[in-house]
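# Reading the structure
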Amino acid sequence: HAKSQGGNQYCFNTPDQNMEMQRNYQLEMKLRKALENEEFTVVYQPLVNLNNGQMAGIEALLRWHNPELGSVPPSEFIPILETFGLIIPVGRWVLYEVCRQMKAWQQQGIMMERASVNVSPLQLKGGNFACELKEILTETQLDPSYLELEITEGTILQIKDSSDTLDSLQEIGVKVSIDDFGTGYSSLSYLKQLPIDTLKIDKSFIDDLDADGEFLVNTIIHMGKNLKFKVLAEGIENENQLSYLKQQKCNEGQGYLFSKPVQKEEIPNLYHQTNRPGLPAGK
Ligand code: C2E
Ligand code: MG
Ligand code: MG
Ligand code: MG
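Quick look at the structure, then. As a convention, each chain's residues are numbered from 1 in the sequence order in which they are written. The order in which chains are written sets their letters, starting at A; the order in which ligands are written sets their numbers, starting at 1. Residue-level local features of this predicted model are given only where pLDDT is at least 70; pairs of side-chain atoms are given and counted only at 80 or more, and the full residue set underlies all totals for whole chains, interfaces and linings. Excluding hydrogens and water, the side-chain figures rest on all heavy atoms present in the structure.

Turning to the coordination of the magnesium ion (ligand 3), a few remarks are in order. Counted as donors are the N, O and S atoms within 2.8 Å of the metal, or 3.2 Å for Na, K and Ca, while water is not among the atoms, so some sites may look incomplete. Looking at the magnesium ion (ligand 3), the protein donor atoms are D179 (OD) and E234 (OE), and they sit 1.6 to 2.0 Å from it. The metal-metal distance between the magnesium ion (ligand 3) and the magnesium ion (ligand 2) comes to 3.4 Å, with D179 coordinating both. Of this pair, D179 sits in strand β6 (residues 175-181) while E234 sits in the loop between β8 (230-233) and α13 (239-247), and the two are 55 residues apart along the sequence. Numbered from the N terminus, helices here are DSSP runs of H or I no shorter than four residues, and strands are runs of E no shorter than two.

This part covers the coordination of the magnesium ion (ligand 2). The coordination sphere of the magnesium ion (ligand 2) contains the protein donors E59 (OE), N118 (OD1), E150 (OE) and D179 (OD), at a distance range of 2.0 to 2.2 Å. All donors to the magnesium ion (ligand 2) come from one chain, and their sequence spacing reads E-x58-N-x31-E-x28-D. You can call D179 buried: its relative accessible area is 6%. Each residue is assigned to one of three classes by its accessible area relative to the maximum for its type, calculated with a 1.4 Å probe on protein chains only: buried under 20%, partly exposed between the two thresholds, exposed over 50%.

We now examine the site of ligand 1. Of all residues adjacent to ligand 1, which total 22 residues, the nearest are R63, N118, D179, E237 and Y256. Polar contact is the term for a pair of N or O atoms within 3.5 Å; when the atoms are in protein, one must be able to donate a hydrogen and the other to accept it, and sequence-neighboring residues count only if both atoms are side-chain atoms. The separation between an oxygen atom of ligand 1 and a polar side-chain atom of D180 is 3.2 Å. E237 has a polar side-chain atom sitting 2.5 Å from a nitrogen atom of ligand 1. We get accessible surface area from the Shrake-Rupley algorithm with a probe of 1.4 Å; when it comes to residues, only the shown protein chains can shield them. When ligand 1 sits alone it has 800 Å² of accessible area, and the protein chains cover 79% of it. Put simply, the grid is 1 Å and covers the protein atoms alone, a cavity is a trapped set of points that fit a 1.4 Å probe, a pocket is an open set with protein on both sides within 12 Å along at least five of seven lines, and lining residues have an atom within 4 Å of a point. Each molecule is checked against the cavity or pocket grid, and it sits inside if more than half of its atoms lie within 2 Å of the grid points. In this structure the site holding ligand 1 corresponds to the largest pocket. Of all the secondary structure elements, the ones that give two or more residues to the shell around ligand 1 are β2 (55-66), α4 (74-83), α5 (87-107) and β6. Among the elements that take part in the shell around ligand 1, β2 stands out by supplying four residues, more than any other. Polar here means any residue outside two lists: the nonpolar Ala, Val, Leu, Ile, Met, Phe, Trp, Tyr, Cys and Pro, and the charged Asp, Glu, Lys and Arg; Gly therefore counts as polar. Of the residues in the shell around ligand 1, the class split is nine nonpolar, five polar and eight charged. In this text, near means that some heavy atom of the residue lies within 4 Å of the molecule or strand in question.

As structure tokens, then:
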């Protein structure tokens, strides 16, 4: 029975696939105009120092609200931006926006260690990236050491000259973190040769802490720290996860337990709640 139907599978899309193609086409058309229509915003999620509870920084996360479609999640629109090369101008806008915002916070006395921005493989492969990044830093007058770029483990493995690319970023003076660490089959000894500051343990491992998954998390934290990386746990949602991570001396955490991503206006309050004057910034 299956065999007699097999031939059709090459010729026709299922109704579901047709729907998805239509949806993606609609998204693409709207995304092409989204930047000039000012439909993108950036929200910010605190990165928390687990040793002292202070806000070490923020991760910038892109949001898209279209008047007709409403809010579309990044998991849906980022792949489309990437497919059509639109992530290059949009990613440049995000970097500019975040650097300008971070500088503004610093001028208000909010001295976080870093603002972390996700960059996609296409941006790094472009060839112009380092040059554009320098321009943005110069224009916004943000000291490069306050900017961190998040590159996924998959991207590191995917771009041919990752080592040269990361060297050029190090030369500029920005920091680098490896996002979604643990999902990409890279070896820590390979990553150790690259100029990387932080490993962000993927949320899926933190989820596993609720189901006897301590062993892997524990191993990543200890190997990472022995190799002199800062280790951050993504997606902390409950106190049990937090207390285990603290016990294992994981350096930093991020997740709904501390705060969801928030509008830029909310960051000063969150910062002042945890980073009281008199306490040393960071560490
Ligand atoms: P990511 O870089 O790993 O970001 C973390 C994601 O986990 C964010 O989802 C964040 O809202 C979510 N998250 C944080 N804490 C928790 C938690 O405790 N529980 C749960 N369930 N989720 C949590 P978001 O904002 O939907 O972004 C998804 C992905 O989209 C990001 O994953 C990143 O890969 C990509 N992305 C977002 N903004 C940008 C951007 O400006 N440029 C690029 N290239 N990619 C971006
Ligand atoms: Mg990230
Ligand atoms: Mg991540
Ligand atoms: Mg992730």
